[in-house]
Amino acid sequence: MATAKAHTNIALVKYWGKKDQDMIIPQTDSLSLTLDEFYTTTKVTFDDQLSSDQVSINSNLLGDQASQKVRNFLDLVRKMSGTTAFARVESQNHVPTAAGLASSASAFAALAGAASRAAGLNLDRRDLSRLARRGSGSATRSIYGGLVEWQRGHDDATSYAKPIMEEVDFGLEMLAIMVDTTAKKISSRFGMQQSVASSPYYKVWPEIVAHDMAAIKEAIAARNIDAIGEIAETNALRMHALTLSAEPGFTYFDSDTLKAMRAVRALRDNGIHCYFTMDAGPNVKVIYDRQDRQSIFKALATEFGADRLVVSKPGPGIKIWND
Ligand code: 2P0
């Protein structure tokens, strides 16, 4: 038995599209910030007495369909370790599930850590990152804290994350505007597949990301939050243009998403430096320097209510322990 705690991450340069669906090899590199406020704690117990895998999230036992991805992942760990026993997986999710706040990132990172350790595998962080990738692409990056790059690689051995700056030593912070915390209608897995298959703009996306990756690494090295924010905001809008231009077109935005984007731009027009990014859901994440936290929070609380705002600092990498 073993337990792991992993934090979510939000991409500043997005992963949107796979080269290999089965191995989850992405089309491009990506770069994210791990957050301290949202995380998953997962305990895995391999038990010879069990006749099937049992998976619970926040004490609710999942049915066959809902636990399919987790059971497939456990099969992979069993194959790697030679373990034959079924497992009990008990997960506590401190992330609104499936609301574009990357719950699958912390969930599969924590599962990779706990299941591999419980099965007797002692993986280093690179191999943990590769294993987490098999559950969900964004989980690849949640093995590390702070600013993290996922190198796309070209196969299972070469596609993994590495830290860019694990201890963020400047004021970068993120505030989530929780527009809607109900489950999304179009999964990222399906959404990105549709975008790759049918957006005529997809062919320029790898070039855009290559450019943004180089630029954001320079901006991070210079600790330039305005440059980081500008790159992230443009990259997010271009990612969402891939959904709008798919066939049929779709969007993760709702009316409050647009309202939040406008609010961030209005703050900027008033001289407060902040930028937005959105993932596969309607919530908006605001990027800024912590010295501006109070003025940004106050302005957004007037419009959205303080209870819908969550401030998050850069978070740590995965922790794994034997109970
Ligand atoms: C990202 N997202 O880089 C991008 C940006 C959402 C928008 O990774 O199919 O749940 O499990 O690999 O990781 C969400 O997609 O998709 C995601 P799979 P995942 O964070």
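Not measured: the values here are computed from a predicted model. (Residues numbered from 1 in each chain as written. Predicted model: local features only at pLDDT ≥ 70, side-chain atom pairs only at ≥ 80, totals over all residues. Heavy atoms only, no water.)

## Thoughts on the overall build of the protein
In step 1: Scanning the protein from N- to C-terminus turns up eight helices and 14 strands.
In step 2: By the compact-globule yardstick of 20 Å for 323 residues, the protein fits well, its C-alpha radius of gyration being 19 Å.
In step 3: Each principal axis of the C-alpha distribution contributes one length, and for the protein these read about 65 × 40 × 35 Å.
In step 4: Accessible surface for the protein amounts to roughly 13800 Å². Of this, 48% is attributable to carbon and sulfur atoms.
In step 5: Where the 37 positive side-chain charges of the protein centre and where its 37 negative ones centre are 1 Å apart. (Helix = DSSP H or I, 4+ residues; strand = E, 2+ residues; numbered from the N terminus. Rg over C-alpha atoms; globule rule 2.2 N^0.38 Å. Areas by Shrake-Rupley, 256 points an atom, 1.4 Å probe, with all protein chains shown as cover. Lys, Arg positive; Asp, Glu negative; His and termini not counted. Charge placed at Lys NZ, Arg CZ, Asp CG, Glu CD.)

## Examining the site of the ligand
In step 1: As a matter of local geometry, the ligand sits amid 17 residues, with Tyr15, Lys18, Ser136, Gly137 and Ser138 nearest to it.
In step 2: Serine 104 is positioned with one of its side-chain polar atoms (N or O) 3.0 Å from an oxygen atom of the ligand.
In step 3: A distance of 2.6 Å is found between an oxygen atom of the ligand and a side-chain nitrogen or oxygen belonging to serine 136.
In step 4: For the ligand, the protein covers 94% of the area, taking 470 Å² as the surface of the free molecule. (Near = heavy atom within 4 Å. Polar contact = N/O pair within 3.5 Å; in protein donor to acceptor, adjacent residues only side chain to side chain.)

## Regarding the packing of aromatic side chains
In step 1: Inspection of every chain in the model, using the stated rule, returns four aromatic pairs.
In step 2: Between the aromatic rings of tryptophan 16 and tyrosine 252, the centroid separation amounts to 6.0 Å while the plane-to-plane angle is 90°, which identifies the pairing as edge-to-face. With a gap of 236 residues between them, tryptophan 16 in the loop between strand S1 (2-13) and strand S2 (18-20) and tyrosine 252 in the loop between helix H6 (225-244) and helix H7 (255-269) connect regions that are remote in the sequence. The pair tryptophan 16 / tyrosine 252 is uniform in exposure class, with both members buried.
In step 3: Each residue in the set Trp16, Phe250 and Tyr252 is aromatic and connected to the rest through ring pairs, giving one cluster.
In step 4: The residue whose ring lies beneath lysine 5 is tyrosine 39, and the NZ or CZ to ring-centre distance is 4.3 Å.
In step 5: Sitting above the plane of the phenylalanine 304 ring, lysine 259 keeps its charged end 5.2 Å from the centroid. (Phe/Tyr/Trp six-rings, centres within 6.5 Å; stacked < 30°, edge-to-face > 60°. Buried < 20%, exposed > 50% of the residue type's maximum accessible area, 1.4 Å probe, protein only. Lys NZ or Arg CZ within 6 Å of the ring centre and 35° of its normal.)

## Some remarks on the packing of helix H5 (residues 205-221) against H6
In step 1: Direction vectors running N to C along H5 and H6 enclose 165°, while the axes themselves pass 9 Å from each other. The orientation of H5 with respect to H6, classified from their angle, is roughly antiparallel. For H5 against H6, the interelement crossing comes out left-handed. Residue-level contacts link Trp205, Ile208, Val209, Asp212, Ala215, Ile216, Ala219 and Ile220 of H5 to Ala227, Ile228, Ile231, Asn235, Arg238, Met239 and Leu242 of H6.
In step 2: For the contact of H5 with H6, the class distribution of residues is 12 nonpolar, one polar and two charged. (Axes fitted to C-alpha atoms, helices over the stretch in contact; angles between N-to-C directions. Parallel < 35°, antiparallel > 145°, perpendicular 65-115°, else oblique. Left-handed = near helix turned anticlockwise from the far one by under 90°. Contact = heavy atoms within 4.5 Å. Nonpolar A, V, L, I, M, F, W, Y, C, P; charged D, E, K, R; others polar.)

## Regarding the packing of helix H1 (residues 68-81) against helix H3 (residues 125-135)
In step 1: Following both chains from N to C, one finds H1 and H3 inclined at 145°, their axes separated by 9 Å at the closest point. H1 and H3 meet at a crossing whose hand is right-handed. From H1, Phe73, Leu76, Val77 and Met80 reach across to H3, where they touch Leu131, Ala132, Arg134 and Gly135.
In step 2: Of the residues contributing to the contact of H1 with H3, the split by class is six nonpolar, one polar and one charged.

## Focus on the domain arrangement of the protein
In step 1: Split by domain assignment, the protein resolves into domain 1 (2-168) and domain 2 (172-312).
In step 2: For domain 1 versus domain 2, the separation of C-alpha centres amounts to 23 Å.
In step 3: Each side of the interface is counted separately: domain 1 has 35 residues, and domain 2 has 47 residues.
In step 4: A buried area of about 3300 Å², summed over both sides, lies between domain 1 and domain 2, and 71% of it is on carbon and sulfur atoms.
In step 5: When the buried area of domain 1 at its contact with domain 2 is split by residue, Leu12, Lys14 and Trp16 rank highest and sum to 28% of it.
In step 6: Linking domain 1 with domain 2 are two salt bridges, by the criterion used here.
In step 7: Across the pair aspartate 279 and lysine 14 runs a salt bridge, and its minimum N-O distance is 2.7 Å. (Domains from an automatic or database assignment. Buried area = accessible area lost by both parts, 1.4 Å probe. Salt bridge = Lys/Arg side-chain N within 4 Å of Asp/Glu carboxyl O.)

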